[in-house]
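A closer look at the structure
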Amino acid sequence: FIHSTSKEIMLLNFLGLVFVVTYIGIQLGVSEALGAFFLGVAVSQGKSREKVERTALKFRDIFGSVFFFYFGMQLNLQGLGNYVGWVIIAIIFASLGKLLGGQLIRKALGCSKNKGVFIGLVTVSRGEFSLLISGIVGSQVFPFQSFSVILILGTAFISTIGFRVLEYLCTRNKMCLLEKKPMD
């Protein structure tokens, strides 16, 4: 259904199919995301996969930005001031937990400590997004959604700074965590 020699027709088919599946999903009481996911699985098996993937990537980036813009607009920092200490503690524990987890993984895999640090840093900014999703429902007692957003931003900041420090140490002092070799 999606396959076409015309880019414009393929784009219209792609968008139309996504909207139809989303509508059917809503009518059946299923999440739009779940319907779109299964559509993606089905299309990935077709002969137009690469063309559709290139088209979908453009929309993913555009709608991803709109998605985060929407969440940014929903962020209400009022009342979060009472929980600043808890936010800082959560950021520290989340970051340290990921770094410790990286060391446990490296031990299980028999890797060097440097690779454990790398694994930990890669994971520092991962996982907290699920808190935001679960916090969409909200709470009247605790500003869960705002707390989650600040936690996500804090761990992303720590991860970014950590990688910048590592890059600096590697280029200036030749203290590299991983050997630089071409990817297979």
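Scroll up for the structure.
Residues numbered from 1 in each chain as written. Predicted model: local features only at pLDDT ≥ 70, side-chain atom pairs only at ≥ 80, totals over all residues. Heavy atoms only, no water.

1. As for the overall build of the chain
As a reminder of what qualifies: Here a strand is any run of E in DSSP of at least two residues, a helix any run of H or I of at least four, and the numbering for each starts at the N terminus. With a 1.4 Å probe rolled over the protein chains alone, any residue whose accessible area is under 20% of its type maximum counts as buried; one over 50% counts as exposed, and the rest are partly exposed. Two residues qualify as a contact provided that any one of their heavy atoms is within 4.5 Å of a heavy atom in the partner residue. Per-residue accessibility takes into account occlusion by the displayed protein chains alone, with areas from the Shrake-Rupley method and a 1.4 Å probe.
Looking only at helices and strands, the chain has seven helices and zero strands in total. Put simply, the chain runs from its N terminus to its C terminus through helices and strands in the order α-α-α-α-α-α-α. Evaluated residue by residue, the chain yields a buried proportion of 24% over its 184 residues. In the chain, 62% of the contacts between residues at least 6 apart in sequence involve partners at least 24 apart. For the chain, the computed accessible surface area is about 13300 Å², with 68% contributed by carbon and sulfur atoms.

2. Quick notes on a positive patch on the surface
Formally: Only residues above 30% relative accessible area that lack a salt bridge enter a patch, with like-charged residues linked at up to 9 Å and the nonpolar side chains Val, Leu, Ile, Met, Phe, Trp and Tyr linked at up to 5 Å. Take a side-chain nitrogen of Lys or Arg and a carboxyl oxygen of Asp or Glu: if they are within 4 Å of each other, that pair is a salt bridge. By the counting scheme adopted, Arg and Lys are positive, Glu and Asp are negative, and His together with the chain ends is not counted. Lysine's charge is taken at NZ, arginine's at CZ, aspartate's at CG and glutamate's at CD.
Residues Lys7, Lys51, Arg54 and Lys58 make up a contiguous surface patch of positive charge. Looking at the positive patch, the element that brings in the most residues is helix α3 (residues 49-74), giving three residues. In this structure, Lys51 sits in helix α3. Overall, Lys51 belongs to the partly exposed group, its relative accessible area being 33%.

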